[in-house]
Amino acid sequence: MPEAPPPATIIPGPAELFAGYLKIGLFGFGGVAAWARRVIVEERHWLTERDYAEVLGLGQVLPGPNVGNAAVMIGRRFHGLSGALLATAGLYCAPFVILVLLCLFYDRYGQLPAVAPVMAGIAAGAAGMVIGTAFKMAGKLKLRAEAVTILLLATLGAAWLGLPLPVIVLVLGPVSIALSLWRAGLIGATGAAR
Amino acid sequence: MILQILLTFSILSLVAIGGANAVLPEMHRQLVELHGWLDDATFSQLYALAQAAPGPNILVASVMGWRIAGAGGMAAATFGMLVPAAILAWYVAGLMHRLRGAPWLKPAQGGLVPVAIGLILAAGITMAEASHSHGVMPLVVVAVSTLFVWRTNYSPLWVLAGGGALGAIFLG
């Protein structure tokens, strides 16, 4: 489908910030990062693709869920402390309420509601959504060859080699940052000589 | 007890680089092996329970807290798991804001982007592998959903709903 021209970004009001994150939390089965990008970049235009990817990248290397960290940072950017609190509350409140209900059900009946086949189907759809989101982000950001290599190494390490995520982040993060600085001409001859 | 839960999850919060799935082994070590609050089977069941809810799967901590000490445990575990990491993110965001004029900041941040996208892709592949345990049909759903989300701008709700409907028909 033809690409629409990128619309200007919109600054959300506090209520919109909360509502947007409420939607991300509520719909985020399996792949909350995919829904966060969908709502923030595609539907509501709060951030550009690149801006969002950078916030998410930072959220990834900090401890805690990447989307949760991004919620704090995006909320702060738009509305300071109240923004960070609203975005965070929006993100967690719907899933938290659903979890409480599931726990009550589990305590009472000793098993989960019989929705396993439906959930398995949704999980498959969510898996594709997450993969498709990664492809979409990589394509729209027009990553250079070395960035694509880093991307694939991260995928390989996490999905096939089963390496601990902190190890992947701590090894590939610095290498990728160094490559990016070198591309920007900020690391001198030693970098360029490699 | 509640205080101990709060403390344990606060520590987990600050070592959870990569989110819930990255911290799961350490969570298991703390809750099952060190404190003996849960047994192995319960830990696995609770993890499955948490997966059934939408939203960030870090909320697996809430379910564990519930099992260990009821509503108070749930509150303590959730607070402990979310707040320390959120405070750190808040201060890092402030630091980034102060450094915003620095010429190296954007390229350095850009360097983290491929790592983040690579880990998202890995999460999707891991989810696809897990769904393959239900046969070939889920893999078809994964493929269709991938193309749908990648190549169109329609809402992913369609593929989630479609996947759920197919699951109810073929996997029930």
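Here the structure is a predicted model, which means the values were calculated and not measured. (Residues numbered from 1 in each chain as written. Chains lettered and ligands numbered in written order. Predicted model: local features only at pLDDT ≥ 70, side-chain atom pairs only at ≥ 80, totals over all residues.)

Any chance you could explain the overall build of chain B here in plain terms?
Of regular secondary structure, chain B possesses 7 helices and 0 strands. For chain B, the sequential pattern of α-helices and β-strands runs α-α-α-α-α-α-α. In summary, chain B has a C-alpha radius of gyration of 19 Å against a globular reference of 16 Å for 172 residues, an excess of more than 25%. Seen through its principal axes, chain B has C-alpha atoms that stretch 50 × 45 × 25 Å. Per-residue burial over chain B gives 48% buried out of 172 residues. Long-range pairs, those at least 24 residues apart, make up 44% of the contacts in chain B with a sequence separation of at least 6. (Helix = DSSP H or I, 4+ residues; strand = E, 2+ residues; numbered from the N terminus. Rg over C-alpha atoms; globule rule 2.2 N^0.38 Å. Buried ≥ 20, exposed ≤ 12 C-beta atoms within 10 Å, placed from the backbone. Contact = placed C-beta atoms within 7 Å.)

How do you make sense of the environment of G139 of chain A when you look at a structure like this?
Within the element layout of this structure, G139 of chain A appears in helix 5 (residues 116-140). Once the C-alpha coordinates of G139 of chain A and C93 of chain A are considered, the two residues, 46 residues apart in sequence, prove to be 33 Å apart.

Help me understand the domain arrangement of chain B, please; the structure alone is not making it clear to me.
Accessible area lost during the coming together of the parts is what is often quoted as the interface size. With domains assigned, chain B is organised as domain 1 (1-98) and domain 2 (102-172). Its C-alpha centre places domain 1 of chain B at a distance of 25 Å from the equivalent point of domain 2 of chain B. (Domains from an automatic or database assignment.)

Hey, could you run me through the confidence of the model for chain B in this one?
Parts of the prediction with low pLDDT should not have their coordinates interpreted in detail. Averaged over every residue, the pLDDT of chain B is 90; the share at 70 or more is 99%. What the predictor reports for the complex is a pTM of 0.87 with an ipTM of 0.87. (pLDDT = per-residue confidence, 0-100.)

Just to check I follow, could you spell out the interface of chain A and chain B for this structure?
Listed as interface residues are 92 residues of chain A and, on the opposing side, 81 residues of chain B. Taken together, the elements giving at least two residues each to the side of chain A that touches chain B come down to helix 1 (14-27), helix 2 (32-43), helix 3 (49-61), helix 4 (66-109), helix 5, helix 6 (145-160) and helix 7 (165-183) of chain A. At 22 residues, helix 5 of chain A tops the list of elements feeding residues into the side of chain A that touches chain B. A per-class count over the side of chain A that touches chain B returns 65 nonpolar, 21 polar and 6 charged. (Nonpolar A, V, L, I, M, F, W, Y, C, P; charged D, E, K, R; others polar.)

Mind showing me how you'd approach the packing of helix 6 of chain A against helix 7 of chain A here?
All names here are of chain A. Between helix 6 and helix 7, the shortest axis-to-axis distance is 10 Å and the interhelical angle comes to 175°. Our classification of the angle between helix 6 and helix 7 gives roughly antiparallel. On helix 7, the residues touching E146, I150, L153, A154, G157 and A158 of helix 6 are L165, I168, L172, S176 and L179. Residues that form the contact of helix 6 with helix 7 fall into these classes: 8 nonpolar, 2 polar and 1 charged. (Axes fitted to C-alpha atoms, helices over the stretch in contact; angles between N-to-C directions. Parallel < 35°, antiparallel > 145°, perpendicular 65-115°, else oblique.)

How should I be thinking about the environment of A53 of chain B in this particular structure?
Of note, A53 of chain B is situated in the loop between helix 3 (40-51) and helix 4 (60-98). Measuring from C-alpha to C-alpha, the distance between A53 of chain B and G124 of chain B comes to 17 Å, with 71 residues separating the pair along the chain. Not counting the four nearest positions on each side in its chain, A53 of chain B is found in contact with P95, I98, L99 and L102 of chain A together with L59 of chain B.

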